[in-house]
Amino acid sequence: MKKGKVFTKGQIGLVVMVFVLAGAVWLNTKYSKQQENTKYMGETALVGSQSDNNATMVGAEVQNDYFSKATTDREKAYKEAEETVVELLKSTNGEEKEKAVKITEQIAKRKTDETAIENLLVAKGFEKVLAIIGDDSVTVVIGSEGLLANQTVQIQDAVMSLCDISLANIKIVTVNS
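Each value, and the rule that gives it
Residues numbered from 1 in each chain as written. Predicted model: local features only at pLDDT ≥ 70, side-chain atom pairs only at ≥ 80, totals over all residues. Heavy atoms only, no water. Helix = DSSP H or I, 4+ residues; strand = E, 2+ residues; numbered from the N terminus. Buried < 20%, exposed > 50% of the residue type's maximum accessible area, 1.4 Å probe, protein only. Contact = heavy atoms within 4.5 Å. Areas by Shrake-Rupley, 256 points an atom, 1.4 Å probe, with all protein chains shown as cover. Pairing = 2+ DSSP bridges. Axes fitted to C-alpha atoms, helices over the stretch in contact; angles between N-to-C directions. Core = buried A, V, L, I, M, F, W, Y, C linked by side-chain atoms within 4.5 Å. pLDDT = per-residue confidence, 0-100. Left-handed = near helix turned anticlockwise from the far one by under 90°. Nonpolar A, V, L, I, M, F, W, Y, C, P; charged D, E, K, R; others polar. Salt bridge = Lys/Arg side-chain N within 4 Å of Asp/Glu carboxyl O.

**A short note on the overall build of the protein**
Then, in step 1: What the protein contains, in helices and strands, is four helices and three strands.
Then, in step 2: Going from the N terminus to the C terminus, the protein shows its helices and strands as α-α-α-β-β-α-β.
Then, in step 3: When each of the 177 residues of the protein is scored for burial, the buried share is 21%.
Then, in step 4: For the protein, contacts bridging at least 24 residues in sequence account for 63% of all contacts bridging at least 6.
Then, in step 5: Put simply, the protein shows about 13,200 Å² of open surface, and 58% of that area lies on carbon and sulfur atoms.

See the structure below:
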């Protein structure tokens, strides 16, 4: 060691790393305490402490009506699209016929994928589920008052395992039950 040097570069680096580590531990404890009071993604809070049984019954009926109506509307839209494609197949030849066949295949794939997503989520414990597949997104409607983070991940995982879609294009909507 040379005269006049109190600390070497290695010792200074070690001291800096210890301070950085101490700062990281301090920040971790500070923010983990704040997160105890935060909500999970999709979690809802009850706004008002008064509730009556009639309001609860109406809410349950609205949810049941929503899922049955949405399923009926979806099936009706698919039938109309299929009828349009069938008419197109009957009236055209060549290239237009190939386009109509591709549209029919897309409709069939969407219906199959939506049913698969719904069945998988029901198997994972969600009671009311409706999957809607768009051109580049999937929307999943869940009958729930709120979702915990692990439930959101379960839904995203189910959709991604069955459809070739990115996480950013998955939307999860809850309908109060």
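**With respect to the sheet that holds strand S2 (residues 138–143)**
Then, in step 1: Judged by pairing direction, the sheet is mixed, and its three strands sit side by side in the order S1-S2-S3 without closing on themselves. Looking at which strands have only one partner, the edges of the open sheet turn out to be strand S1 (129–133) and strand S3 (170–175). Going across the sheet, the axis of each strand differs from the next one's by a mean of 15 degrees, ignoring polarity.
Then, in step 2: Helix H3 (residues 95–123) rests against S1 and S2 of the sheet, and its axis sits at about 150 degrees to S1.
Then, in step 3: Running at roughly 130 degrees to S3, helix H4 (residues 149–162) makes contact with S2 and S3 of the sheet.

**Focus on the nonpolar core**
Then, in step 1: One finds Ile 117, Leu 121, Val 138, Val 140 and Ile 142 to be the most contacted residues of the largest nonpolar core, which totals 16 residues.
Then, in step 2: Not counting residues within four places of it along the chain, the set of residues in contact with Val 140 comprises Ile 117, Leu 121, Val 129, Leu 130, Ile 155, Val 159, Lys 171, Ile 172 and Val 173.
Then, in step 3: The next biggest cluster of nonpolar side chains, apart from the first, holds five residues, and it includes Phe 67, Ala 70, Val 141 and Val 175.

**Side note on the confidence of the model for the protein**
Then, in step 1: Residue-level pLDDT values for the protein average 76, and 75% of them are 70 or greater.
Then, in step 2: Across residues 34–63 the pLDDT falls below 50, and counting only partners more than four positions away or on other chains, this stretch makes 21 contacts in the model.

**Topic: the pairing of S1**
In regular strands, side chains alternate between the two faces of the sheet.
Then, in step 1: With four of five residues buried, S1 lies mostly within the body of the structure.
Then, in step 2: Sheet topology places S1 next to S2; five bridges connect them, and they run antiparallel. Bridged to Ile 132 within S2 is Thr 139.
Then, in step 3: Between the end of S1 and the start of S2, which pair antiparallel, lie four residues.

**A few points about the packing of H3 against H4**
For any two helices packed against each other, one specifies the crossing angle of their axes together with the interaxial distance.
Then, in step 1: H4 packs onto H3 with a crossing angle of 145 degrees between their chain directions and a minimal axis gap of 10 Å. For H3 against H4, the interelement crossing comes out right-handed. Of H4, the residues touching H3 (which contributes Asp 113, Ala 116, Ile 117, Leu 120 and Leu 121) are Gln 154, Ile 155, Ala 158, Val 159, Ser 161 and Leu 162.
Then, in step 2: Classifying every residue of the contact of H3 with H4 gives eight nonpolar, two polar and one charged.

**Some details on the pattern of salt bridges**
Then, in step 1: The tally for this structure, following the rule as stated, stands at six salt bridges.
Then, in step 2: Put simply, Glu 114 and Arg 74 hold a salt bridge, and the shortest N to O gap is 3.4 Å. In this pair, Glu 114 is assigned in helix H3 and Arg 74 in helix H2 (residues 53–91), connecting sequence segments 40 residues apart.
Then, in step 3: The class for Glu 114 is buried, based on a relative accessible area of 2%.
Then, in step 4: Lys 109 is the partner of Asp 113 in a salt bridge, and the nearest nitrogen-oxygen pair spans 2.8 Å. Taken as a pair, Asp 113 and Lys 109 lie in helix H3 at a separation of four residues, close to a single helical turn.

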